[in-house]
Amino acid sequence: MFPFPRSLVWPPPPSQQPMPPLLPVPDSATDPGRSYPKRHRSPSPPLSAVGPSRNQYHHRFATHSQNRRWINPDLKRRRLSSLKRQRRWIEAENAPDFSSSKGDPIVMMSYNILGDHNCRNHTELYDRIPAKFTEWESRKRLIFLEITERNPDIVCLQEVDQVQDVLDYMKGRGYDGIHKGRSGDYKDGCATFWKKTRFRLLEDDSIDFSTFNLNNNVAQVLVLEVQEGRQLVVGNIHVLFSPRRGDIKLGQIRMLLERANFLSRKWGDIPIILAGDFNSTPRSVLYEFLSSKEIDVSLHNRLKMSGMDPMDFVRWRREYIWTEEELLNAIGHLEGTKIKSPIKLWSSYASIKGPSITRGPNDEPLATTCHSKFRGTVDYLWYSAEIACLRVLDTLPIHLLKERGGLPSEEIGSDHLALVAEFAFVDYESSESDDEDTKSTDSSGVSTEHTALSGSY
Ligand code: KL2
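Read on for a plain summary of the structure. Quick caveat, the model's predicted, so the values are computed rather than measured.

Here's the deal with the packing of helix α6 (residues 246-266) against helix α8 (residues 324-331)
Now for step 1: Between α6 and α8, the shortest axis-to-axis distance is 6 Å and the interhelical angle comes to 30°. Taken together, α6 and α8 sit at an angle that is classed as roughly parallel. Touching D247, I248, L250, G251 and R254 of α6 are E326, L328, N329, A330 and I331, all from α8.
Now for step 2: Here the residues of the contact of α6 with α8 are counted per class, giving five nonpolar, two polar and three charged.

Quick look at the structure:
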């Protein structure tokens, strides 16, 4: 089904590797909010949204009693201690036939590597982690190992402050890249890398949000040419942390989407992949905005828009009165209070269903980050039409994160997990017959015609 070299990724899919270790499923793993909302028709439906649900998971779990007698306790202990081995690839159910997609797939990584400065200055977040696991020298080895093992074509890192270490390493592994540092005292930033042999940088339109009165965070928006002549917009953002500044967070995400959309149109309606740490949870109104729902900020309290606070889902009795400045931050103007993304985007992990021990609301991972004060999902890989998400490297079963007291660990160099997804350009002309399905115009007037792209080859 996938005639591309499997050696691009590690570990190989289960068909090529021994049976994964069998784990007991904890009771607490089920998520009460789990549901499978129907998606509306769209130009590029997630592959998993179509067709019957069959056993696609590469996770294989069985009850403890079923397997107890087959497990050598020593072996079990050794296997369980290996966190990284618990991450499995999950393939989309209806992955396209490669005759209907163009070129080799693109493996993308989004990874908040935990800035050295943040790690040393927020010790309260890592109070249960042995000191040796929080030192940059040991963390960087694990972070670089993760990148090397997953072998992504494009790497979007956040919280990069030991810039020279990262640039040197990536250069040595055959990547080109750009770092965009924050202004002000904290010099960490986003850094995006691409394999020199496959991509060429066509345009860099990075954003320093401080120039828009939206705090000193940064984002990168790049246009890359894939070797075969196809172009792609790649975004990388680390959204402001402050859980209560929903106005600024929305403003940053809005600007990223606007700029990515602008570049996409400028280069001929090219596809978009947006990576990053959005500091917004899957239940938040900011997530709704990213997943292309129209939102009305006047109906929301800016203190609770990112879902980062445990109290965020307690009903807010009093109406929140937005100031003009907050409205300007959030939606960029004072005409009305509604806003909708200019791009139709899908979240790669949510588009490929996984088991309840790794997935929660909206089919997103239960956690992409875990430390003493917060465990949840804030990292995403979003993609637009003309792109298919073929598979994702599933996150860790939640009980494994819970029982370890957080990250970093002996094996994982950051307090976030690296998200890895594999994408392909899709030629909808040959893969879909219904014209209405292959063409859409959203309310912002952005037309996405798949035929236009497929014609360029
Ligand atoms: O949530 V993060 O961690 O994406 O993993 O982004 C920010 C936080 C990062 C950059 O500002 O530093 C972390 N409590 C917890 N975490 C904090 C705090 C805080 N008060 N301030 C910054 N960070």
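Don't stop here, the text continues.
So, the environment of I339
Now for step 1: The residue I339 is located in strand β12 (residues 338-339) in this model.
Now for step 2: Here I339 falls in the buried class, since its relative accessible area comes to 9%.
Now for step 3: For the pair I339 and D296, spaced 43 residues apart in the sequence, the C-alpha separation amounts to 6.4 Å.
Now for step 4: Excluding its chain neighbours within four sequence positions, the residues that come into contact with I339 are L250, R254, F289, K293, E294, I295, A330 and I331.

Considering the nonpolar core
What tends to happen in soluble globular proteins is that the nonpolar side chains get buried as a cluster.
Now for step 1: Grouped together as the largest cluster of nonpolar side chains are 59 residues, with contacts concentrated most on M108, I154, L157, V166 and F423.
Now for step 2: With sequence-adjacent residues up to four places away left out, L157 is seen in contact with Y111, I113, I147, V166, G189, C190, A191, F193 and N236.
Now for step 3: Counting residues in each nonpolar core, the second largest holds 42 residues, with F209, V239, L257 and L327 among its members.

Quick notes on the site of the ligand
Now for step 1: Surrounding the ligand, one finds N112, N118, H122, L125, E159, H238, F241, D277, N279 and H416.
Now for step 2: With respect to the ligand, the side chain of N118 contributes an N or O atom lying 3.3 Å from an oxygen atom.
Now for step 3: Take H238: an N or O atom from its side chain is 2.8 Å from an oxygen atom of the ligand.
Now for step 4: Spatially, the ligand is embedded in the second largest pocket.

Considerations on the pattern of salt bridges
Now for step 1: Under the defined criterion, the tally for this structure stands at 19 salt bridges.
Now for step 2: Notably, a salt bridge pairs E146 with K84, separated by 3.9 Å at the nearest N-O pair. One end of the pair, E146, is in helix α4 (residues 136-150); the other, K84, is in the loop between α2 (73-81) and β1 (89-91), and 62 residues separate them in sequence.
Now for step 3: The buried category is assigned to K84, whose relative accessible area is 9%.
Now for step 4: The closest approach of N and O atoms between K140 and E137, which form a salt bridge, is 3.2 Å. Here the residue K140 and the residue E137 both occupy positions in helix α4, the gap between them amounting to three residues, near one helical turn.

A closer look at a positive patch on the surface
Now for step 1: Judged by side-chain charge, R128, K373, R375 and K402 come together as a positively charged surface patch.
Now for step 2: Relative to the helices and strands, R375 resides in strand β15 (residues 374-376).
Now for step 3: What makes R375 partly exposed here is its relative accessible area of 39%.

Some remarks on the layout of surface pockets
A water-sized probe, rolled over the atoms, reveals where empty space remains.
Now for step 1: Each pocket or cavity is described by its volume, and for the second largest pocket that value is around 770 Å³.
Now for step 2: Lining the second largest pocket are 33 residues, and of these H122, L125, F241, N279 and H371 sit closest to its centre.
Now for step 3: Looking at the lining of the second largest pocket, the elements with two or more residues in it are α3 (116-121) and β14 (369-371).
Now for step 4: Here the element with the most residues in the lining of the second largest pocket is α3; it accounts for three residues.
Now for step 5: Taken together, the residues that form the lining of the second largest pocket break down as twelve nonpolar, twelve polar and nine charged.

Things to note about unusual backbone geometry
Now for step 1: A cis amide bond links L407 with the next residue in sequence, P408, at an omega value of 0°.
Now for step 2: With respect to the helices and strands, P408 occurs in the loop between α10 (398-404) and β18 (419-426).
Now for step 3: Positive phi, normally seen in glycine, also occurs at N151, with a value near 55°.
Now for step 4: When you line up the elements, N151 lands in the loop between α4 and β3 (154-160).
Now for step 5: Judged by its relative accessible area of 24%, N151 is partly exposed.
Now for step 6: Its identity as a non-glycine residue notwithstanding, N279 has a phi of 40°, on the positive side.
Now for step 7: Topologically, N279 is positioned in the loop between β10 (272-277) and α7 (285-290).
Now for step 8: Take N279: its relative accessible area is 6%, and that puts it in the buried class.

Rules behind the numbers
- Residues numbered from 1 in each chain as written.
- Predicted model: local features only at pLDDT ≥ 70, side-chain atom pairs only at ≥ 80, totals over all residues.
- Heavy atoms only, no water.
- Axes fitted to C-alpha atoms, helices over the stretch in contact; angles between N-to-C directions.
- Helix = DSSP H or I, 4+ residues; strand = E, 2+ residues; numbered from the N terminus.
- Parallel < 35°, antiparallel > 145°, perpendicular 65-115°, else oblique.
- Contact = heavy atoms within 4.5 Å.
- Nonpolar A, V, L, I, M, F, W, Y, C, P; charged D, E, K, R; others polar.
- Buried < 20%, exposed > 50% of the residue type's maximum accessible area, 1.4 Å probe, protein only.
- Core = buried A, V, L, I, M, F, W, Y, C linked by side-chain atoms within 4.5 Å.
- Near = heavy atom within 4 Å.
- Polar contact = N/O pair within 3.5 Å; in protein donor to acceptor, adjacent residues only side chain to side chain.
- 1 Å grid on protein atoms, 1.4 Å probe; cavity = no way out; pocket = protein on both sides within 12 Å on 5 of 7 lines; lining within 4 Å.
- Sits in = over half its atoms within 2 Å of the grid points.
- Salt bridge = Lys/Arg side-chain N within 4 Å of Asp/Glu carboxyl O.
- Patch = residues over 30% accessible without salt bridge, like charges linked within 9 Å, V, L, I, M, F, W, Y side chains within 5 Å.
- Areas by Shrake-Rupley, 256 points an atom, 1.4 Å probe, with all protein chains shown as cover.
- Lys, Arg positive; Asp, Glu negative; His and termini not counted.
- Charge placed at Lys NZ, Arg CZ, Asp CG, Glu CD.
- Points joined across faces, edges and corners; volume = space filled by probe spheres on them.

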